[in-house]
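# Per-entry structural report
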Amino acid sequence: MAANSKFISEPKTAAPRLGVDKGPIHMVEAGLIDQITELGWKVKFDGHHQFEDINAENDPPIGILKNPRLVSRVCEAVATSVGDVARAGQLPITLGGDHSLAMGTISGTLSAHPEACVIWVDAHADINTADSTDSGNIHGMPVSFLIGLGTPVAEFSWVKPLLRTDRIVYIGLRDVDAAEKRILRENNIKAFSMHEVDKYGIGKVVELALDHVNPNRDRPIHLSFDVDALDPSVAPSTGTPVRGGLTFREGHYICEAISETGLLAALDLMEVNPSLADEASVLQTVAVGCSLVRSALGQYIFPTMK
Ligand SMILES: N[C@@H](CSCCS(N)(=O)=O)C(=O)O
Ligand SMILES: [Mn+2]
Ligand SMILES: [Mn+2]
Ligand SMILES: [Mn+2]
């Protein structure tokens with residue numbers, strides 16, 4: 001674990017369901033910075049990044065892709081920030097916010113750690129291409145851009161195809177479009193769906209996932225955690241909830257096991273959307289998000305127990 005961790009929270013992405021940009025603010029206001037400091041990390045938080053407001057009139061769809069210019073500019077800025085933090089030997093933590101941001105965070109990580117692998121924890125594969133998306137919501141597409149799949153979109157030409165298909169593995173999938181299933185199959189991308197979690201248990205799934213992308217446990221790990229990977233009863237206030245998700249403990253085990261490797265190089269905690277539920281559900285989801293971050297940063301690892 002790097003001596004420092006740094007907060008980069010990007011509230012300003014255009015999300016199909018408004019409000020996801022407020023997720024980071026709620027987590028910081030819930031005291032996450034102090035909570036991480038108390039774990040022994042030196043936290044550098046330079047405030048919630050504000051991005052020029054590109055209003056919808058100046059950002060018409062490209063094909064059916066929604067808010068393409070805003071999403072692209074925010075993600076490119078995030079890529080620069082995350083890359084700078086990683087190159088300085090710090091651990092970038094990005095609070096989302098729309099999962100489209102992972103185009104930026106993972107681009108940043110790979111610019112600093114070309115050998116890094118990605119653990120993508122999500123109910124969804126987020127691998128639709130500009131050709132396959134039905135919704136035009138870019139939060140369902142970041143992985144395809146990072147790998148370089150589908151017809152290129154000029155607005156996103158800054159995203160270089162740096163992510164190898166054998167360096168990403170999914171945990172928690174249960175809502176994957178037919179086109180995405182074909183993309184995963186054709187590209188031999190490894191995925192442990194909720195079926196495998198039920199079948200093998202989360203401990204074995206995490207071990208198998210790491211064996212696939214990090215067999216010698218010598219590659220930096222970028223953990224991109226979408227809270228909708230958790231069951232909606234655990235994290236209700238999120239944009240695309242899907243029943244039959246990870247339990248509270250399964251979600252935390254993933255973070256703890258990656259923390260235990262000592263290889264965590266970057267963390268995204270995404271899709272907390274405080275505008276979608278009653279206050280108690282929002283507080284619950286924000287608290288779970290904060291708890292997952294803490295567990296990825298070693299809250300539950302007690303060296304004496306090794
Ligand atoms: N596959 C669907 C849903 S994508 C859900 C995106 S997220 N980031 O997992 O909430 C689509 O492409 O719109
Ligand atoms: Mn979203
Ligand atoms: Mn996602
Ligand atoms: Mn999701």
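Given the structure is predicted, the values throughout are model-derived calculations rather than measurements.

## Thoughts on the coordination of the manganese ion (ligand 3)
- For the manganese ion (ligand 3), the full set of protein donor atoms is His99 (ND1), Asp122 (OD), Asp126 (OD) and Asp226 (OD), and the range of their distances to it is 2.1 to 2.2 Å.
- Classification of the site at the manganese ion (ligand 3) as irregular follows from its six donor atoms and the range of 59 to 176° in their angles at the metal.
- Each donor residue of the manganese ion (ligand 3) belongs to the same chain, with the gaps between them written as H-x22-D-x3-D-x99-D.
- The metal-metal distance between the manganese ion (ligand 3) and the manganese ion (ligand 4) is 3.3 Å, with aspartate 122 serving as a donor to both. A residue pair is termed long-range when its members are at least 10 positions apart, and aspartate 122 in the loop between strand 4 (117-121) and helix 5 (142-147) and aspartate 226 in strand 7 (residues 221-226) qualify at 104 residues. Here aspartate 122 and aspartate 226 have matching classes, each one buried.

## A look at the coordination of the manganese ion (ligand 2)
- In this structure, Asp98 (OD), His139 (ND1), Glu271 (OE) and Glu271 (OE) serve as the protein donors to the manganese ion (ligand 2), at separations of 2.1 to 2.6 Å.
- Sequence spacing among the residues donating to the manganese ion (ligand 2) works out to D-x40-H-x131-E. Here histidine 139 is found in the loop between strand 4 and helix 5, whereas its partner glutamate 271 is found in the loop between strand 8 (264-270) and helix 10 (279-296), with 132 residues between them in sequence.
- Given a relative accessible area of 4%, glutamate 271 falls into the buried group.

## Structural notes on the side chain of aspartate 226
- Within the buried set, aspartate 226 has no salt-bridge partner at all; the shortest N-O distance to an opposite charge, 8.2 Å, is to arginine 174.
- If near-sequence neighbours (up to four positions away) are discounted, aspartate 226 is found in contact with His99, Val121, Asp122, Asp126, Thr238, Met270 and Glu271.

## Looking at the pattern of salt bridges
- Within this structure, the stated rule accounts for eight salt bridges.
- Notably, a salt bridge pairs aspartate 59 with arginine 69, separated by 2.7 Å at the nearest N-O pair. In this pair, aspartate 59 is assigned in the loop between strand 2 (42-48) and helix 3 (68-87) and arginine 69 in helix 3, connecting sequence segments ten residues apart. Of the two residues examined, aspartate 59 and arginine 69, each falls in the buried class.
- Linking arginine 217 and aspartate 211 is a salt bridge whose minimum nitrogen-to-oxygen distance equals 2.8 Å.
- Judged by its relative accessible area of 30%, arginine 217 falls in the partly exposed class.

## A few points about the environment of alanine 123
- Summarising the element assignment, alanine 123 is placed in the loop between strand 4 and helix 5.
- Dropping the residues within four chain positions of it, alanine 123 is found in contact with Gly172, Leu173, Arg174, Asp175, Asp228, Ala229 and Val242.

Rules of the game
In this convention, every chain numbers its residues from 1, walking through the sequence in written order. Just so you know, chain letters begin at A and ligand numbers begin at 1, following the order they were written in. pLDDT decides what is reported in this predicted model: residues at 70 or higher carry local features, side-chain atom pairs at 80 or more are listed and counted, and totals for whole chains, interfaces and linings draw on all residues regardless. To obtain the side-chain values, all non-hydrogen atoms of the structure were included, while hydrogens and water were left out. In this analysis a donor is any N, O or S atom within 2.8 Å of a metal ion (3.2 Å for sodium, potassium and calcium), and since water is not included, sites may seem incomplete. Any coordination sphere not matching a tetrahedral pattern (four donors, all angles between 85 and 135 degrees) or a square planar or octahedral pattern (four or six donors, opposite donors over 155 degrees apart, other angles between 65 and 115) is reported as irregular. Helix and strand assignments follow DSSP, with helices taken as H or I runs no shorter than four residues and strands as E runs no shorter than two, numbered in order from the N terminus. The buried label applies to any residue whose accessible area, calculated with a 1.4 Å probe on protein chains only, is under 20% of its type's maximum; exposed applies above 50%, and partly exposed to all values in between. When charges are counted, Lys and Arg are positive and Asp and Glu negative, with His and the chain ends excluded. Any Lys or Arg side-chain nitrogen found within 4 Å of a carboxyl oxygen on Asp or Glu counts as a salt bridge. The criterion used for residue contact is that any of the two residues' heavy atoms lie within 4.5 Å.

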